[in-house]
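# A look at the structure
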Amino acid sequence: MREDLLNEAESELALLRARNEREEFRRREQIAREQPEIYALVQEREALIFDTLRKFLKGPAESKDLPQKMDMLSAAIRDKLQKKGFPADYLAPVYRCPICQDTGRVGDPVREPCVCLKKAYQQKLREKIGLGNQQPETFERFDLSIFPNEKAPGQIFSQRDLMTVIRDDCKAWADSYPKQQSRDILLSGKSGLGKTFLLHAMAERLIERDVNVLIISAYMMLDLLRRSYFDHEESPSDLLDTDVLMIDDLGSEPLIQNVTIEQLFNLLNERQNRGRSTVISTNLNLVEFRQRYTERVASRLTDSRNCMLIALTGKDIRKKT
Ligand SMILES: [Zn+2]
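Rules used in this analysis
- Residues numbered from 1 in each chain as written.
- Predicted model: local features only at pLDDT ≥ 70, side-chain atom pairs only at ≥ 80, totals over all residues.
- Axes fitted to C-alpha atoms, helices over the stretch in contact; angles between N-to-C directions.
- Helix = DSSP H or I, 4+ residues; strand = E, 2+ residues; numbered from the N terminus.
- Parallel < 35°, antiparallel > 145°, perpendicular 65-115°, else oblique.
- Left-handed = near helix turned anticlockwise from the far one by under 90°.
- Contact = placed C-beta atoms within 7 Å.
- Buried ≥ 20, exposed ≤ 12 C-beta atoms within 10 Å, placed from the backbone.
- Domains from an automatic or database assignment.

In this section: the packing of helix H5 (residues 159–176) against helix H6 (residues 195–208). Following both chains from N to C, one finds H5 and H6 inclined at 25°, their axes separated by 9 Å at the closest point. By the criterion of interaxial angle, the relationship of H5 to H6 is roughly parallel. The two elements H5 and H6 meet at a crossing, and its hand is right-handed. Contacts between H5 and H6 involve Cys-170, Lys-171, Trp-173, Ala-174 and Asp-175 from the former and Leu-198, Ala-201, Met-202, Arg-205 and Leu-206 from the latter.

The subject of this paragraph is unusual backbone geometry. Pro-109 follows Asp-108 through a cis peptide bond whose omega is 5°. By the secondary structure assignment, Pro-109 is in the loop between strand S1 (105–106) and strand S2 (112–113). Pro-178 follows Tyr-177 through a cis peptide bond whose omega is 5°. Among the structural elements, Pro-178 can be located in the loop between H5 and strand S3 (184–188). Despite not being glycine, Asp-102 shows a phi value in the positive range, around 70°. On the neighbour-count criterion, Asp-102 (20 C-beta atoms within 10 Å) is buried. Look at Thr-294: it is not a glycine, yet its phi comes out positive at around 70°. Here Thr-294 shows up in helix H10 (residues 286–301). Residue Thr-294 is classed as partly exposed on the basis of its C-beta count, with 14 C-beta atoms lying within 10 Å.

In this section: the domain arrangement of the protein chain. Splitting the protein chain by domain gives domain 1 (3–115) and domain 2 (130–311). Taking the mean C-alpha position of each, domain 1 and domain 2 sit 51 Å from one another.

Here's what the structure looks like:
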């Protein structure tokens, strides 16, 4: 998990807890003001707890009937609240998450992040990498019916058949990470064949599985790399350290002689040395890819022992015919 985003999510929970406390206080004050009879019971219940505690601190004390007395008082409070038109639990602790009561942690003695904290963290990560504002593009929402099912003369598979296999391969890769068969993926094919959707669906699945993912357009990434190159700095650590780096639309960025290719090579090389996975989508086919990025870079990405090569073919599904 990314420390910065986890801290953000935990700070928000701390704010929520403070808000809960204020709300509890407000309700208590309201009952004290408007329902003195109920408030007397609340005070009686509190006095009972403190008295027992005091006796207990002085030495061995009998408190056998305490739970029973507490239950009776609590039942009376709930009953009277309801009769006066309040919810029965109006004076109970206020929280949003019934599992952790908004502490964000569960388990004893090991305090694991609660589901609610994980969800908040995942949403922050989604927003950070540009998935936050859209309908989630997930494998479940991947609509195969938009791909033509007819086969061209001489072809064994339809575009839909091909996409079914590709979708399943990408899903299996994300599901089995970090034990997947190939470390990297190169998704190639012209625009409008579904590459970005596949990239996003893999990212959603990985985030769900607590994997640290970064999606970045090739344009943005090379801009970052170039800046660090000209400032004689190391590559940004996000690019090097993220478990899975997804580079969208490689080939669309401007090439700067001796810089782009060198920077890209260094990044891929360094990530491979660290055992990190890289997923790239590109409009170029393999021949064009080699021509643009040289054999040296291409060999880092097209070695089928480390990289799953996926070539999408067919009709642009965004064009209505
Ligand atoms: Zn929780």
